[in-house]
Amino acid sequence: MTELAEAPAEGRDGAVTRIPHWIGGKRVDGTSGRSGPVYNPATGTQSGAVDLASVEEIDAAVRNAAEAWETWRTVSLAKRAELFFRIRELFHAHREDLAKLLTAEHGKVLSDAMGEVARGLEVIEYACGIPTLIKGEFSEQASTGIDVYSIRQPLGVVAGITPFNFPAMVPMWMWAPAVACGNCFLLKPSEKDPSASLLTAELLKEAGLPDGVFNVVHGDKVAVDALLEHPGVAAVSFVGSTPIARYIYETGTKHGKRIQALGGAKNHMIVLPDADVEMAADAAVSAGYGSAGERCMAVSVLVAVGDVADPLVEAIKQRLPKVKVGDGMQPDSEMGPLVTREHRDKVASYIASGSDQGAKIVADGRETAPDGDGFFLGVSLLDNVTTEMDAYRDEIFGPVLSVVRAASYDEAIGLVNDNPYGNGVALFTRDGGVARQFQFDVAAGMVGINVPIPVPVAYYSFGGWKASLFGDSHAYGPESIHFYTRGKVVTSRWPDPATSKVDLGFPQTR
């Protein structure tokens, strides 16, 4: 039975838990001499110190995974599917253990962390169908006596570089399809909340995944560059900010790797005059402040069209005092702290700059944050925001909702299509014809119709357009199967030796 990883200890005689790597089926202490602090955002106290890998440690992990791949790639699809059913059951049984680690290091409330694990489990469930997902095609008698068929084979050693905001779910988006396809996987999680990755590794080992198939290497830019440049890494998946996504894509492809890099977002929620104001207000509060706004599908811009603006802003304002901000472990908390003190302060700066640049502060989260040393910020609402303001142009990644007023549908959709990001967008309306036209017109990868956060189910793929995606492959779903495999076409003939002859002409198919 796996000995479960516990949330990093704090406050016990100043104890700080060391967080090592996971290589070859076991915990491995780092040897670089470098580490990074891990905090409990609700208290502001350091709870852990995560080892940061050197180039040499990355190389050792890649070589270990490459050795494991020689055996793992030969495991039958039937055995892989059987293993993934065990993985699914084990992760389901320990979903609360994972969620508590997320709350302890990220800060999100426990119910939100449980939801994160549940959405990640959906991708594990999808991977259980790998025998069907990876099927090729067969054409009998393509030419006289010749059959042609296609197969998909794993790439080898692949890596995932994941963000702080979903320490369990986003890695599941990557390792589940990658491993099911027959690859060996190296996870480089965020150094801000790394402990969930170790519990993931322990659960995979308990389920029966062979040593070396799944590895965890913690680190900063040194580790990232080592993965991007290592000749033994065939592909890299990334989720994070747009500047880093661009860097990952450009550096990785320069070194001959297949790259899937999902970047930032500025998600708009358009509310038309015919929309149900109460439902739209509920959706805006949920999508704008859930997980403290630290998610790439959060609604950060509310576009109020025509005369719906005043009643909509008022309806949202009435809901904000009811949002309970506090320690994520407390059952009555609805929104937890931000992940670090520095990030909290940066998010708060957009409230000040919004006011300085002409926006109206309807609700100021700096004034409603809980007392104490935690990295808290209350919910903020800015009205009369314009496209020139920093609060509109930048991805804030915090509990700040900006209201932009538009005179018409055309003006509203122009805001979305002119924005450099194209991750997600939502439209609230009662008009089916307008909704159908909207999904045709809008330039974004994920569209919600009266759904504020349109994250696709596991059997579709997740990803945006424009500066929200670098590379041509979205995450999980069918596109992940193609990303983590490469196609091969086989042309075969089993002729009578008596009919064999030399033919220097171009191969004929008739």
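Since we're looking at a predicted model, the values are computed, not measured.

This part takes up a nonpolar patch on the surface. On the surface, Val457, Tyr459 and Tyr460 cluster together into a nonpolar patch covering about 350 Å² of accessible area. Residue position: Val457 is located in the loop between β20 (446-449) and β21 (465-466). Overall, the relative accessible area of 34% leaves Val457 in the partly exposed class.

Tracing the backbone shows Asp383 in strand β16 (residues 380-383). With a relative accessible area of 3%, Asp383 lands in the buried category. A polar side-chain atom of Asp383 sits 2.8 Å from a polar atom in the side chain of Arg405. The contacts of Asp383, once residues within four sequence positions are left out, are Val313, Ala359, Lys360, Val362, Val403 and Arg405.

What follows concerns the confidence of the model for the protein. For the protein, per-residue confidence averages 95 on the pLDDT scale, and 97% of positions sit at 70 or higher. Residue range residues 1-7 is modelled with pLDDT below 50. Its contacts to residues more than four positions away, or to other chains, number 17 contacts. This model gives residues 9-13 a pLDDT under 50, and the stretch forms 10 contacts once residues within four places in sequence are excluded.

Our next topic: the packing of aromatic side chains. Each aromatic ring pair is specified by the distance between its two centres and by the angle formed by the two planes. Tallied over the entire structure, the rule returns 13 aromatic pairs. Where Tyr39 meets Phe375, the ring centres are 6.1 Å apart and the plane angle is 75°; that geometry is what we call edge-to-face. Of this pair, Tyr39 sits in strand β4 (residues 35-40) while Phe375 sits in the loop between α13 (365-368) and β16, placing them 336 residues apart in sequence. Classification of Tyr39 by relative accessible area gives partly exposed; the value is 29%. We classify Phe375 as buried; its relative accessible area is 1%. With a centroid separation of 4.7 Å and 45° between ring planes, the pair formed by Trp173 and Phe462 is classed as tilted. One end of the pair, Trp173, is in helix α6 (residues 169-180); the other, Phe462, is in the loop between β20 and β21, and 289 residues separate them in sequence. In terms of burial, Trp173 and Phe462 fall into one category: buried. Among the aromatic residues, those joined into a ring-pair cluster are Phe84, Phe91, Trp175, Phe185 and Phe214. A cation over a ring is seen here: Arg73 above Trp69, with NZ or CZ 4.5 Å from the ring centre.

Cut-offs applied
Residues numbered from 1 in each chain as written. Predicted model: local features only at pLDDT ≥ 70, side-chain atom pairs only at ≥ 80, totals over all residues. Heavy atoms only, no water. Patch = residues over 30% accessible without salt bridge, like charges linked within 9 Å, V, L, I, M, F, W, Y side chains within 5 Å. Areas by Shrake-Rupley, 256 points an atom, 1.4 Å probe, with all protein chains shown as cover. Salt bridge = Lys/Arg side-chain N within 4 Å of Asp/Glu carboxyl O. Helix = DSSP H or I, 4+ residues; strand = E, 2+ residues; numbered from the N terminus. Buried < 20%, exposed > 50% of the residue type's maximum accessible area, 1.4 Å probe, protein only. Polar contact = N/O pair within 3.5 Å; in protein donor to acceptor, adjacent residues only side chain to side chain. Contact = heavy atoms within 4.5 Å. pLDDT = per-residue confidence, 0-100. Phe/Tyr/Trp six-rings, centres within 6.5 Å; stacked < 30°, edge-to-face > 60°. Lys NZ or Arg CZ within 6 Å of the ring centre and 35° of its normal.

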